[in-house]
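# Overview (structure and organization)
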Amino acid sequence: MSEITTALLLKTKTVLIRDIVCNGECRHKSGEECAHKTSLVYPYRGVFKRHVDQSDTVAEANQVLFFNRGQGYRISHPVDGGDSCLDFSIDESVLHELAPKEQIQSGESVIFRRQRRRIDPRAQALVAMLRHGLSRNIAESLEAETLALTLVRRSLGERTSHAAGASYGRQKLVDRAKLVLSSDLARRWTLAEIAKEVGVSPVYLTQVFQQVEAIPLYRYQLRLRLARALDLLGAYDDLTMLGLDLGFSSHSHFSAAFKQTYGQTPAEFQRSAQLKPKRYAVR
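Note that the coordinates shown come from a computational prediction; the quantities given were computed from them, not determined experimentally. (Residues numbered from 1 in each chain as written. Predicted model: local features only at pLDDT ≥ 70, side-chain atom pairs only at ≥ 80, totals over all residues. Heavy atoms only, no water.)

### Details of the sheet that holds strand β7 (residues 63-67)
- The strand order across the open sheet formed by seven strands is β1-β2-β9-β4-β7-β10-β11, and the pairing between neighbours is antiparallel. Across the chains shown, the open sheet's two edge strands, defined by having one partner strand only, are β1 (4-11) and β11 (161-162). (Pairing = 2+ DSSP bridges. Helix = DSSP H or I, 4+ residues; strand = E, 2+ residues; numbered from the N terminus.)

### Observations regarding the environment of Ser182
- As for its placement among the helices and strands, Ser182 is situated in helix α4 (residues 168-183).
- Assessed through its relative accessible area of 16%, Ser182 is described here as buried.
- Placed 122 residues apart in sequence, Ser182 and Glu60 show a C-alpha to C-alpha distance of 8.0 Å.
- Each residue touching Ser182, except ones within four places of it in the same chain, is listed here: Val47, Glu60, Val79 and Leu224. (Buried < 20%, exposed > 50% of the residue type's maximum accessible area, 1.4 Å probe, protein only. Contact = heavy atoms within 4.5 Å.)

### Section: the nonpolar core
- With 31 residues, the main nonpolar core has Ile17, Leu40, Tyr42, Phe88 and Phe112 as its most contacted residues.
- Elements with a minimum of two residues in this core: β1, β2 (15-22), β4 (39-46), β7, β9 (83-90), α1 (92-98), α2 (121-135) and α3 (141-156).
- Setting aside residues up to four positions removed in sequence, Leu40 forms contacts with Val64, Leu65, Phe66, Leu86, Asp87, Phe88, Leu95, Phe112 and Val152.
- Core analysis: the second largest hydrophobic core is formed by 21 residues, Ala61, Leu233, Leu239 and Ala257 among them. (Core = buried A, V, L, I, M, F, W, Y, C linked by side-chain atoms within 4.5 Å.)

### A closer look at the packing of helix α5 (residues 191-198) against helix α6 (residues 202-213)
- Their axes nearest at 9 Å, the elements α5 and α6 cross at an angle of 85 degrees. Taken together, the axes of α5 and α6 lie roughly perpendicular to each other. When α5 is examined against α6, the residues Leu191, Ala192, Ile194 and Ala195 are found in contact with a partner set consisting of Pro202, Leu205 and Thr206.
- Taken together, the residues of the contact of α5 with α6 break down into six nonpolar, one polar and no charged. (Axes fitted to C-alpha atoms, helices over the stretch in contact; angles between N-to-C directions. Parallel < 35°, antiparallel > 145°, perpendicular 65-115°, else oblique. Nonpolar A, V, L, I, M, F, W, Y, C, P; charged D, E, K, R; others polar.)

### Structural notes on the sheet that holds strand β5 (residues 48-52)
- Across the sheet, four strands lie side by side as β3-β8-β5-β6; this open sheet has antiparallel pairing. The open sheet is flanked by β3 (33-34) and β6 (55-59), the only strands paired with a single partner.
- Taken strand by strand, α4 contacts β5 and β6, and its axis lies near 30 degrees from that of β6.

### Focus: the pattern of salt bridges
- All chains considered together, the criterion is met by twelve salt bridges.
- Close ionic contact of Asp231 with Arg228 constitutes a salt bridge, the shortest N to O distance being 2.3 Å. A residue pair is termed a helical-turn pair when its members lie 3 or 4 positions apart in one helix, as Asp231 and Arg228 do in helix α7 (residues 217-232) at three residues.
- Salt bridges linked by common partners bring Arg45, Arg131, Arg228 and Asp231 together as one network. (Salt bridge = Lys/Arg side-chain N within 4 Å of Asp/Glu carboxyl O.)

### Observations concerning empty space enclosed by the protein
- One pass over the structure, following the stated rule, counts one cavity of 30 Å³ or more.
- Quantified by volume, the largest cavity comes out at close to 90 Å³.
- As for the largest cavity, its lining consists of Pro43, Tyr44, Ala61, Ile119, Gln124, Val127, Ala128, Arg131, His132, Ala227, Leu230 and Asp231.
- Going through the elements one at a time, β4, α2 and α7 are the ones with two or more residues in the lining of the largest cavity.
- Sort the elements by how many residues they give to the lining of the largest cavity and α2 lands first, with five residues.
- Grouping the amino acids of the lining of the largest cavity by side-chain chemistry returns eight nonpolar, two polar and two charged. (1 Å grid on protein atoms, 1.4 Å probe; cavity = no way out; pocket = protein on both sides within 12 Å on 5 of 7 lines; lining within 4 Å. Points joined across faces, edges and corners; volume = space filled by probe spheres on them.)

### Focus on unusual backbone geometry
- Here Asp53, not a glycine, exhibits a phi torsion of approximately 55 degrees, which is positive.
- On the secondary structure map, Asp53 appears in the loop between β5 and β6.
- According to the relative accessible area criterion, Asp53 is exposed, its value standing at 71%.
- For Asn137, which is not glycine, the phi torsion reads 60 degrees and is therefore positive.
- Tracing the sequence through the fold places Asn137 in the loop between α2 and α3.
- Residue classification places Asn137 among the exposed residues on the basis of a relative accessible area of 70%.

Written out as structure tokens, the structure reads:
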């Protein structure tokens, strides 16, 4: 049985935010659980799979998952290392106002039609800002509530998120590729290596991944690495080492990719988030 720890980061009338960490020792499907309230879950470290009926969803830092009220689910960890997530429970009336009608079922309760959406880099940065700010008692409630609602709005926006649409077979293929990438973020994978792991040709893999996720495979991997950097910025005092630990060829490569994605260099993000780094090693 996997061990789960939960830390309450914020509780107001509008939003409740929890930091949930699972060590991932349970590799097979867990016993069925049930969400008592619809929530949005943002993985920021590691990977897991959520199973709802016959549907499986790979959860990692490029995604937001919807845990619908009254919906049963199971969790498994096909990759070592466990996972960490921010769980957002938004006041029902507020969530009704934020959620586009085409994304939810009709009724009094907010029930999302899809299991997940892919979020953009700005949303990833907001997740990191919220977690770092609340866990360090830097962000006040008003600021945190505002950032939380901005994050949710962005996660549901048609221009700032993406709902994958694909056949069952193609989605399973893409999910296998995601698990390969998540198994070793620092590894400099070649296309042939990933395709071999997945069991298809490199050409077919790139075509299907682009069709399902609407971004190239290499860019998807880059966003996973950079999301891990957002998580670890408060733990490193040597940003060159952080970049190298995450598979970047040099500090300039890491810094340029980070700035192009998030609009700030890693050092600028550290300062804006008021992070106090300490020595740490990626595990």
